[in-house]
Amino acid sequence: MQTSIKKKLVVVTIVYWFLLAYMIAALVWWFILLEKQNYNMTNLRILQVSGRIDSTSYPIEYNKAVAAIIKEKKRHTTTYLSEGITFLALILVGAVFVYRAVRQQIKLQQQQQNFMMAITHELKTPIAVARLNLETLLKHQLDETKRQKLIQMTLQETTRLNNLASNILVSSQLEGGKYRITREELNFSDLVRNCTDDFRHRFPERILRSGIEPEVDIEGDPLLLEIMVNNLLENAIKYSPKDGMIECRLSATNHDIILSVSDQGNGIPDKEKRKIFEKFYRIGSEQTRTTQGTGLGLYLCKKIAEDHDGEIEVTDNNPVGCNFTVRFNR
Ligand code: ADP
């Protein structure tokens with residue numbers, strides 16, 4: 001977390017606890033004062049009764065009058081207590097809401113800042129690389145192998161830029177309710193195979209093993225499903241070593257369709273396993289992170305899975321790495 005945001009959170013927390021403690025103390029003080037007043041009033045009324053009724057001559061009347069006064073005192077105490085408890089409950093409920101809202105707001109602000117830092121980098125790098133490659137091609141007479149390599153690298157950068165643009169556009173459209181999800185009968189096996197073939201082509205040095213059951217049909221949106229598969233494969237490549245094997249599997253039973261992508265990278269610590277699906281969330285801080293990314297990929301995968309009546313989860317891969325599984329109901 002950035003230092004300025006950390007400081008802000010500390011200040012907000014201190015002010016919040018101070019105000020809450022002040023309100024509770026004021027409430028308790030209010031109760032003590034009322035009770036004191038109640039006690040004084042009771043004594044005064046008993047004194048008045050003693051003046052009016054002689055307790056030795058008329059003990060029954062006297063005791064009756066005192067009992068009535070004490071009953072009245074108890075009734076007042078109960079009223080003050082119940083009012084005080086209601087106030088306290090309202091204050092606490094309100095305080096929890098305010099605290100959560102403020103914390104969420106600060107967290108979102110921090111995530112948006114991270115996102116802005118990441119996106120600037122993500123946009124500038126592929127553009128700079130593509131530009132440099134094209135300038136080299138234009139200025140120098142290169143042999144065919146080098147030319148092909150430069151063109152291949154430029155293509156990779158533009159694909160990355162394209163994926164990034166899709167992630168940003170689709171997530172904002174899905175959130176704003178502007179994206180109309182199509183529900184067409186499609187061959188999911190072909191879609192997944194096309195994605196893995198594309199990755200093999202883009203990253204020929206990587207080991208990508210696939211086990212795709214043929215003719216698995218699904219009702220869904222081809223663009224969204226493609227984005228989801230690509231994001232999972234992209235992450236497996238990004239977050240695992242060059243010689244680590246990546247596996248992509250698709251299978252189906254009568255009840256569900258299961259897509260899994262596993263890698264042999266560093267894996268994901270247990271306490272981060274839920275958080276990585278949050279919008280803009282990236283493990284580590286923006287300064288210490290070495291891999292590129294925006295924190296939108298898995299958020300989008302989760303959203304797409306849920307929009308297709310499915311769910312996504314991450315587990316540890318054996319012996320190392322992680323395994324993302326998407327399960328769709330049939
Ligand atoms: P990013 O653009 O940062 O890749 P994602 O939403 O795709 O955003 O992923 C969120 C975070 O989850 C990443 O920053 C990374 O730390 C972690 N992560 C995602 N996939 C993997 C993986 N296969 N192995 C290890 N960590 C991963």
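Scroll up to find the structure.
Residues numbered from 1 in each chain as written. Predicted model: local features only at pLDDT ≥ 70, side-chain atom pairs only at ≥ 80, totals over all residues. Heavy atoms only, no water.

Chemist: It is not clear to me how a negative patch on the surface should be interpreted in this structure. Could you clarify?
Modeler: Where like charges cluster on the molecular surface, the negative patch consists of Glu185, Glu215, Asp217 and Glu219. Within the secondary structure layout, Asp217 lies in strand S3 (residues 217-220). (Patch = residues over 30% accessible without salt bridge, like charges linked within 9 Å, V, L, I, M, F, W, Y side chains within 5 Å. Areas by Shrake-Rupley, 256 points an atom, 1.4 Å probe, with all protein chains shown as cover. Salt bridge = Lys/Arg side-chain N within 4 Å of Asp/Glu carboxyl O. Lys, Arg positive; Asp, Glu negative; His and termini not counted. Charge placed at Lys NZ, Arg CZ, Asp CG, Glu CD. Helix = DSSP H or I, 4+ residues; strand = E, 2+ residues; numbered from the N terminus.)

Chemist: Could you clarify how one ought to interpret the pairing of strand S5 (residues 256-262) in this entry?
Modeler: As a general feature of sheets, a regular strand has side chains that alternate between the two faces. Burial of S5 is extensive: six of the seven residues sit out of reach of the surface. Two elements, strand S4 (residues 245-252) and S5, share six bridges in a ladder whose sense is antiparallel. Bridging across to S5, Ser251 finds its partner in Ile258. Linkage of S4 to S5, two consecutive antiparallel strands, is achieved through a turn of three residues. The sheet contact formed by S5 and strand S7 (residues 322-329) spans seven bridges and is antiparallel. Counterpart to Ser260 in the pairing with S7 is Thr325. (Buried < 20%, exposed > 50% of the residue type's maximum accessible area, 1.4 Å probe, protein only. Pairing = 2+ DSSP bridges.)

Chemist: Before we go on, may I ask you to explain the pattern of salt bridges in this structure?
Modeler: Two side chains that carry opposite charge are able to pair once their charged atoms sit near each other. On inspection of all chains with the given rule, the structure shows 16 salt bridges. Here Arg202 ties to Glu234 by a salt bridge, and the two come within 3.7 Å at their closest N and O atoms. Here Arg202 is found in helix H4 (residues 188-202), whereas its partner Glu234 is found in helix H5 (residues 222-238), with 32 residues between them in sequence. Judged by its relative accessible area of 5%, Arg202 falls in the buried class. Its salt-bridge partner being Lys273, residue Asp270 comes within 2.5 Å of it at the nearest N-O pair. Asp270 sits in the exposed class, given a relative accessible area of 61%.

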